[in-house]
Amino acid sequence: MTKMRKIAREIRSMLLAIVGSDLRIKPDLDCEKQRFGSEYGGWEVATGSLSPQTLVYSFGVGEDASFDTALIEHCHLTIHAFDPTPKSVSWARK
């Protein structure tokens, strides 16, 4: 195999891994997840170890705190949310 072909194969493998299409890479752990928040501002979370004692730091809230509020409602935990952009500060004051 030529050196260029080997490099091309390694680059292809890395790109497939990045986009999640490399079938050789298997998850180390499979856990139950639940989605919280809106379609725009939501995230999937592994809820198995969350409790009222859990502390979450949420960065980049923007103008959609649906993830944060849904997580609080479901798990009764504490969230410290941050977003220093002027638009977000104005939205939070409302």
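Here, every reference points to the structure presented above.
Residues numbered from 1 in each chain as written. Predicted model: local features only at pLDDT ≥ 70, side-chain atom pairs only at ≥ 80, totals over all residues. Heavy atoms only, no water.

Participant: Sorry, what's going on with helix H2 (residues 66-75) here?
Facilitator: Every α-helix winds through 3.6 residues per turn, so residues three or four apart in the chain are directed the same way. Buried within H2 are the following residues: Phe67, Asp68, Leu71 and Cys75. Viewed along the axis of H2, the buried residues span an arc of 100°, placing them on a single side of the element. Looking at the buried positions of H2, the neighbouring elements they touch are strand E1 (33-36), strand E2 (43-46), strand E3 (55-59) and strand E4 (78-82). Immediately downstream of H2, the backbone of His76 shows phi near 55°, a positive value. (Buried < 20%, exposed > 50% of the residue type's maximum accessible area, 1.4 Å probe, protein only. Helix = DSSP H or I, 4+ residues; strand = E, 2+ residues; numbered from the N terminus. Arc of directions from axis to C-beta. Contact = heavy atoms within 4.5 Å.)

Participant: Explain the packing of aromatic side chains here, please?
Facilitator: Aromatic ring pairs: the centre-centre distance and the angle between the two ring planes describe each pair. Under the counting rule described, the total for this entry stands at two aromatic pairs. Ring geometry for Tyr57 versus Phe82: centroids 6.5 Å apart, planes at 20°, classification stacked. Taken together, the residues span a long stretch of sequence, with Tyr57 in strand E3 and Phe82 in strand E4 at a distance of 25 residues. Under the relative-accessibility criterion, Phe82 is labelled partly exposed at 36%. Between Phe59 and Phe82, the ring centres sit 5.0 Å apart and the planes meet at 15°, which makes this aromatic pair stacked. With Phe59 in strand E3 and Phe82 in strand E4, this residue pair connects regions lying 23 residues apart in the sequence. Within the aromatic cluster, the residues linked to one another by ring pairs are Tyr57, Phe59 and Phe82. (Phe/Tyr/Trp six-rings, centres within 6.5 Å; stacked < 30°, edge-to-face > 60°.)

Keep in mind these numbers describe shape, not what the thing actually does.
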